[in-house]
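# What the coordinates show
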Amino acid sequence: MNAPVPHRVAVLGAGSWGTAFAKVLADAGREVVLCARRTEVAEAVTTSRSNPDYLPGVPLPANLTATADPEAALRGAEAVVLAVPSQTLRANLESWRSLLPPAAPLVSLAKGVELGSLKRMSEVISEVAGVGGDRVAVVTGPNLAKEIADEQPTASVVAAEDPALALALQRASSTGYFRPYTNSDVVGCELGGACKNVIALACGIAGGLGFGENTAATLITRGLAEIARLGAALGADPQTFAGLAGMGDLVATCSSPLSRNRTFGGRLGGGATLTEATAAGNGQVAEGVKSCSSIRELAMRHGVEMPITDAVHRVCHEGLAPRAMASALLGRARKAEWS
Ligand SMILES: NC(=O)C1=CN([C@@H]2O[C@H](COP(=O)(O)OP(=O)(O)OC[C@H]3O[C@@H](n4cnc5c(N)ncnc54)[C@H](O)[C@@H]3O)[C@@H](O)[C@H]2O)C=CC1
Ligand SMILES: O=C(CO)COP(=O)(O)O
């Protein structure tokens, strides 16, 4: 069965990625309403046709309008995109639940695992909105918001249980600079997106300590190995981790100075405390700081070893000195590469 390609789309959350993805949808021909938490952000988008707080200097198209009123944004929406930080998704969605159009698909942009419940974002959405997994989709991949806002060529993944929904959203978001692939492995795609933030923190810490590319490549490669181990335990398709939502996003985030997670790690490696590093982020979210704990717990629950994730958790939340992280990782028992 074909799913209708949505024309009117509400994007809830007007931060960097919410705004950039709203622009992608508008450039792909949708009528997009971007819903900001703060009135001044919505007003700035309306009056200056840009979002100076999150994407300064990026012109936004006329078929992208903004409001701070979720009811206005959601009225008549044929698809709803959720673009808020993962640890706030549950509370935000609870406040929007009664306004959600009954049949509209719900699309997650968030990359995280919820603290406490250890749920992936699509699971949180299904639970809070009371909808089946067939109405939920995920957009993920090597998608640094600023590069996409600047229309640099990028591929992405639309993951959904329902192949017709993935195809409809793929059509709804394809532009000359943004090429989404479909994928039916929602579990693997979401794990790839959430876990790479933690590895990017580790790469940032290593960079802040003055280590070079061998260390970064080691963390990326062994990071991918531990992400894939968790994926295997949770029933993900192993191929996913070699794709855009796995290796692709991991490489982009671990390598880019635009990454909030890598930058945050760099501050820790450079000697900042967690509080100082958070304050320097100007309110922008580095998801891995919280997800390192939920992912670590998820891995422990499934008997999966994730030593890099564990070390990042210990640096962020248990006072392990960044410099002691290398000896904690390299001092582990010797083993075969594939074991
Ligand atoms: N920025 C990027 O390059 C990309 C981000 N993502 C993911 O998208 C999600 C959203 O990220 P961004 O738009 O970049 O974040 P951001 O920090 O730039 O913006 C967050 C948005 O959520 C709103 N919000 C609502 N409730 C909030 C609360 N309780 N606390 C903080 N903010 C709240 C903020 O007002 C803001 O509009 C995250 O899960 C992130 O990992 C995914 C791909 C790329
Ligand atoms: O998810 C991202 C790129 O795909 C953005 O990464 P950061 O949240 O680290 O900026």
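Residues numbered from 1 in each chain as written. Chains lettered and ligands numbered in written order. Predicted model: local features only at pLDDT ≥ 70, side-chain atom pairs only at ≥ 80, totals over all residues. Heavy atoms only, no water.

Naming follows an unreviewed UniProt entry, where the protein chain appears as Glycerol-3-phosphate dehydrogenase [NAD(P)+] of Actinoalloteichus caeruleus DSM 43889. UniProt, in its Pathway (unreviewed entry) section for the protein chain, records the words "Membrane lipid metabolism; glycerophospholipid metabolism." Under the heading Sequence similarities (unreviewed entry), UniProt records this for the protein chain: "Belongs to the NAD-dependent glycerol-3-phosphate dehydrogenase family." (UniProt positions renumbered as here; feature names shortened; annotations may be inferred.)

### Some details on the overall build of the protein chain
Of the regular secondary structure elements, the protein chain holds 15 helices and eight strands. For 339 residues, the compact-globule estimate of 2.2 N^0.38 gives 20 Å, and the protein chain sits close to it at 19 Å. The dimensions of the protein chain, computed from C-alpha atoms along their principal axes, are 60 × 40 × 35 Å. When burial is assessed residue by residue, the protein chain has 54% of its 339 residues classed as buried. Of the contacts made within the protein chain by residues no fewer than 6 positions apart, 72% connect residues no fewer than 24 positions apart. Only carbon and sulfur atoms are counted for the fraction: they give 54% of the accessible area of the protein chain, which is about 14300 Å². On the protein chain, the mean spot of the 30 positive side-chain charges and the mean spot of the 31 negative ones are 4 Å from each other. (Helix = DSSP H or I, 4+ residues; strand = E, 2+ residues; numbered from the N terminus. Rg over C-alpha atoms; globule rule 2.2 N^0.38 Å. Buried < 20%, exposed > 50% of the residue type's maximum accessible area, 1.4 Å probe, protein only. Contact = heavy atoms within 4.5 Å. Areas by Shrake-Rupley, 256 points an atom, 1.4 Å probe, with all protein chains shown as cover. Lys, Arg positive; Asp, Glu negative; His and termini not counted. Charge placed at Lys NZ, Arg CZ, Asp CG, Glu CD.)

### With respect to the UniProt feature "binding site: sn-glycerol 3-phosphate" (unreviewed entry) in the protein chain
Within the UniProt annotation, "binding site: sn-glycerol 3-phosphate" (unreviewed entry) is assigned to K111, G141, K196, D249, S259, R260 and N261. Considering the arrangement of structural elements, one finds G141 in the loop between β6 (136-140) and α6 (145-149). Using a relative accessible area of 0% as the deciding quantity, one classes G141 as buried. Setting aside anything within four residues of it in sequence, one finds G141 in contact with K111, L244, A245 and D249. Here K196 falls in the buried class, since its relative accessible area comes to 5%. In contact with K196, other than residues within four places in its own chain, are K111, I227, D249, L250 and T253.

### Concerning the site of ligand 1
Residues in contact with ligand 1 amount to 22 residues; listed here are only the nearest, S16, K111, N143, A145 and E287. Note that an oxygen atom of ligand 1 is positioned 3.0 Å from one of the side-chain N or O atoms of R37. In the environment of ligand 1, an oxygen atom lies 3.0 Å from a nitrogen or oxygen atom belonging to the backbone of K111. In isolation ligand 1 offers 820 Å² of accessible surface; the protein chains occlude 87% of this area. Counting only elements with at least two residues in the shell around ligand 1, the list comes to α1 (16-27) and α4 (86-96). The greatest single-element share of the shell around ligand 1, amounting to three residues, is contributed by α1. Of the residues contributing to the shell around ligand 1, the split by class is 11 nonpolar, seven polar and four charged. Counting only domains with at least three residues in the shell around ligand 1, you end up with domain 1 (8-184) and domain 2 (193-330). (Near = heavy atom within 4 Å. Polar contact = N/O pair within 3.5 Å; in protein donor to acceptor, adjacent residues only side chain to side chain. Nonpolar A, V, L, I, M, F, W, Y, C, P; charged D, E, K, R; others polar. Domains from an automatic or database assignment.)

### Regarding the domain arrangement of the protein chain
The domain architecture assigned to the protein chain consists of domain 1 (8-184) and domain 2 (193-330). On a C-alpha basis, the centres of domain 1 and domain 2 stand 25 Å from each other. On the side of domain 2, 25 residues touch domain 1, which itself brings 24 residues to the contact. Counting the surface domain 1 buries against domain 2, the share from its top three residues, K111, L118 and L144, is 33%. Between the two partners, domain 1 and domain 2, sit one salt bridge. In this structure, K111 and D249 form a salt bridge, with 2.8 Å as the shortest nitrogen-oxygen distance. Applying the counting criterion to the domain 1 and domain 2 interface returns six residue pairs in polar contact (both at pLDDT 80 or more). (Buried area = accessible area lost by both parts, 1.4 Å probe. Salt bridge = Lys/Arg side-chain N within 4 Å of Asp/Glu carboxyl O.)

### A word on the site of ligand 2
Surveying the vicinity of ligand 2 reveals the residues K111, G141, P142, N143, L144, K196, D249, T253, L258, S259, R260 and N261. Within the contact set of ligand 2, an oxygen atom lies 2.6 Å away from a side-chain nitrogen or oxygen of D249. Side-chain polar atom of N261 to an oxygen atom of ligand 2: 2.8 Å apart, as the coordinates give it. Compared with its free state, where it exposes 300 Å², ligand 2 has 92% of that area covered by protein. Counting residues per element, the ones that place at least two in the shell around ligand 2 are α10 (244-255) and α11 (260-269). Grouping the amino acids of the shell around ligand 2 by side-chain chemistry returns three nonpolar, five polar and four charged.

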